[in-house]
Amino acid sequence: MTHIQTRNASVSALPRLWLRQPLGQGNVLAFVLVVVLALLVLPPLLVLLRISFTEFHAGFREGGFTFQHYVGLIQSNTLFRSTVNSVLFAALSTVISLIFGGILAWLVERTDVRFKPLAFLTSVVSMGTPYILYVTGWLFLLGKAGPLNRTWFELTGSPANLFEVNSLAGMVLVEGFLWSPLVFLLLSATFRAANAEMEEAARMSGASVADTILRVSFQLARPAIVALALFVFIRNLEAFEVPALVGIPGNVSVLTTEIYRGMKHMPPDIGFVSAYAMVMVAVIAILLHYYGKLSDRAERFASITGKGFRPRPFRLGRLRWLGGGIILFNFFIVLVLPLGAIFWMSVLPFVQPIRPSAFRAITWENYQRVLTDSYYWGLAGNTLIVAGTVATLVVALTFLTGWVVARRKRGARIIDQLVTVPLVFPGLVLGIAMLQLALRAPVPIYGTLWIIILGFIIRYVPYGMRYSFSGVLQIHTELEQAAAVSGANTREMLFKVVAPLLVPALASGWIFVFLIATKEMSMPLLLAGAQSQTIPVAMFELWTSGQSGEVAALGLIWAAAMTVLSASFYALTRQASAATFGK
């Protein structure tokens, strides 16, 4: 994923591009990659588009071409209401994420503030925690039995909640906290590379701390912040876990929950749902187009530094205690509170307020059931198979595509465009497309792990491309040229020269894809069968059936296992990298 942008690329122009000159070394590989990517990413888009214009009769018999689904969508009052709610939800959640994550990133990377390791610990643990588990923790904290509303009831005796979590405000708050760790990690790189001399010059010129932050630090990072804000807004727009768990009980509808309800309605209105999905695809495609432009313009705000540049920390002086307090507050709000609530639910037979009398009901039966029931071991096995297979295949595919695009081989532009196509698909929308493809497939893959794996590969190819492309750019072409002069062909050069040098980048990409595949719920929720459920899908069904204790116990065990597994894999890859580079 070199630049996230949407271009009107025509695959029909592919033969003309290849016929302009004879095939050379590496061009056959590029041609094969174009074919493979086209077969992966184009069918879901085409099937959604076709179904949205297809008339359906009783028994799901297909009729002729029609605009009726879009006409009904426009005439329906649900589109306007859900669109307004989606925009408000996405925009306000983005603001909260940027405030929490942005301030934290600047404090950690640019100042001498205390407790910096807590910020990274918060982000790493949050990245390994399933979204649904995090959401259930906040549902308890802000719910009727939670400490906030319970304290309000004890003080006032009012049966009304002080804060209603099943509302648009509750959705915004939970989603904002959910994305703040990732915002922190992404903005940390921006502030880490900032030239401290500009901040020091501002302070020597008499600028206050606030003026230096607002007029220098954040101005230099403004393009990256705006681009990240648009990216987070897009991801909030396509979010499903928070709208489903928080919004649906409060009758707050957004675009993704309307699509989900349409699929769960009996009989499902496939044409209407596909039209709804195409509207989301079009909106996200437009937003991604502007995100690409913002990312391209970020270079204008780069600061020139020396080769041995090391940014010096900004001295906060008397405000250092305030910065440390902000880090502790973030650690408490984003990590300690939700995980503490989840642990409390996991040791109780049913949800109870935190009070002395509830301690007598503490039990470890939920953990015992999760660890001994073969059903949960089967869920863990399914999830590991899906995530491991997807991460491996995505890294293998993007290793080749990243090299072709970075080295500007013939067909690189088409490959780059095809890789960005899945970005326009929200997980739920891609799930609908994959569902239709599975039902029409010549082999029975619906309800199996294979259709989930295929859908995840399509969804995560752009993310794997980001790691491999960036890694290839760090390798000088002279190494490849030396291998070619020594008689190595393309395959030998790729696997004996490029691949060993890419181990750190590919390992990072593998870990990232693996973790998000273990957390994804929206797509498997539509594609999983009785024997192919994953951990997030099972947690969603357990929560909706009222088994909150087992959800909490399962989630905590799974989050701990993923953290240990990721740390172990990271350590092994570091050793492999040290062996490769001799250090």
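These figures come from a predicted structure and were not determined experimentally.

Colleague: Can you tell me about the overall build of the protein chain, naming the residues and giving the values?
Modeller: Within the protein chain one finds 26 helices and two strands. The buried share of the protein chain, reckoned over its 583 residues, is 53%. Entry remark: accessible area of the protein chain is about 26700 Å², with carbon and sulfur atoms responsible for 65%.

Colleague: Which residues make up the environment of P243, and what are the values?
Modeller: Considering the arrangement of structural elements, one finds P243 in helix α12 (residues 241–247). Residue classification places P243 among the buried residues on the basis of a relative accessible area of 0%. Spatially, the C-alpha atoms of P243 and F89 are 9.1 Å apart, while their sequence positions differ by 154 residues. Setting aside residues up to four positions removed in sequence, P243 forms contacts with F89, M171, I248, V254, T256 and T257.

Colleague: Account for the nonpolar core, with residues named and values stated.
Modeller: Counting 180 residues, the largest nonpolar core has I259, V390, I415 and Y460 as its most contacted members. For this core, the leading source of residues is helix α17 (residues 374–406), giving 16 residues. Non-local contacts of I415, meaning those with residues more than four positions away in its chain, are made with A30, L33, V34, L37, T401, V404 and V405.

Colleague: Can you tell me about the environment of V424, naming the residues and giving the values?
Modeller: As for its placement among the helices and strands, V424 is situated in the loop between α18 (412–420) and α19 (427–440). The class of V424 is buried, set by a relative accessible area of 7%. Taking the C-alpha atoms as reference points, V424 and I234, separated by 190 residues in sequence, lie 9.4 Å from one another.

Colleague: I'd like a rundown of the packing of aromatic side chains, residues and numbers included.
Modeller: Summed over all chains, the structure comprises 22 aromatic pairs. For the ring pair F53 and F67, a centre distance of 5.5 Å and an interplane angle of 85° mean the geometry is edge-to-face. Of the two residues, F53 sits in the loop between α2 (27–52) and β1 (54–57) while F67 sits in the loop between β2 (61–65) and α3 (68–75), which places them 14 residues apart along the sequence. Taken together, the aromatic side chains of F456, Y460, Y463, Y467 and F512 make up a single cluster linked through ring pairs.

Colleague: Summarise the environment of V35; cite the residues concerned and give the values.
Modeller: When you line up the elements, V35 lands in helix α2. V35 sits in the partly exposed class, given a relative accessible area of 33%. Measuring from C-alpha to C-alpha, the distance between V35 and I415 comes to 9.3 Å, with 380 residues separating the pair along the chain.

Colleague: Give me the pattern of salt bridges: which residues, what numbers.
Modeller: Pairing of side chains with opposite charge becomes possible as their charged atoms draw close. Inspection of the entire model under this criterion finds seven salt bridges. Residue E238 is joined to R235 by a salt bridge in which the shortest nitrogen-to-oxygen separation is 2.8 Å. Assigned by exposure class, E238 and R235 land together as buried. Among the ionic pairs, R261 bridges to E258, the shortest N-O distance being 3.5 Å. With R261 and E258 both in helix α13 (residues 255–264) and three residues apart, this pair spans about one turn of that helix. Each of R235, E238, R459 and E520 takes part in salt bridges that share partners, so that together they form one network.

Colleague: Provide a residue-level description of the side chain of T256, including the pertinent values.
Modeller: One can find T256 in helix α13. When its relative accessible area of 0% is taken as the criterion, T256 is described as buried. Not counting residues within four places of it along the chain, the set of residues in contact with T256 comprises L237, E238, A239, F240, P243, M280 and L428.

Colleague: Explain the packing of helix α20 (residues 449–473) against helix α23 (residues 503–519) to me, using residue names and the numbers behind them.
Modeller: Describing two packed helices takes the angle between their axes plus the distance from one axis to the other. Following both chains from N to C, one finds α20 and α23 inclined at 155°, their axes separated by 9 Å at the closest point. The angle between α20 and α23 places the two elements in the roughly antiparallel class. Considering only the axes of α20 and α23, their crossing is right-handed. Where α20 abuts α23, its residues F456, Y460, Y463, G464, Y467, S468 and G471 lie against A505, L506, S508, G509, F512, V513, I516 and A517. Tallied by class, residues from the contact of α20 with α23 come to 10 nonpolar, five polar and no charged.

Colleague: Describe unusual backbone geometry, with residues and values.
Modeller: Its identity as a non-glycine residue notwithstanding, F115 has a phi of 65°, on the positive side. Within the secondary structure, F115 sits in the loop between α4 (77–110) and α5 (116–128). Notably, N251 is not glycine yet its phi reads approximately 60°, a positive angle. With respect to the helices and strands, N251 occurs in the loop between α12 and α13.

Rules and cut-offs
Residues numbered from 1 in each chain as written. Predicted model: local features only at pLDDT ≥ 70, side-chain atom pairs only at ≥ 80, totals over all residues. Heavy atoms only, no water. Helix = DSSP H or I, 4+ residues; strand = E, 2+ residues; numbered from the N terminus. Buried < 20%, exposed > 50% of the residue type's maximum accessible area, 1.4 Å probe, protein only. Areas by Shrake-Rupley, 256 points an atom, 1.4 Å probe, with all protein chains shown as cover. Contact = heavy atoms within 4.5 Å. Core = buried A, V, L, I, M, F, W, Y, C linked by side-chain atoms within 4.5 Å. Phe/Tyr/Trp six-rings, centres within 6.5 Å; stacked < 30°, edge-to-face > 60°. Salt bridge = Lys/Arg side-chain N within 4 Å of Asp/Glu carboxyl O. Axes fitted to C-alpha atoms, helices over the stretch in contact; angles between N-to-C directions. Parallel < 35°, antiparallel > 145°, perpendicular 65-115°, else oblique. Left-handed = near helix turned anticlockwise from the far one by under 90°. Nonpolar A, V, L, I, M, F, W, Y, C, P; charged D, E, K, R; others polar.

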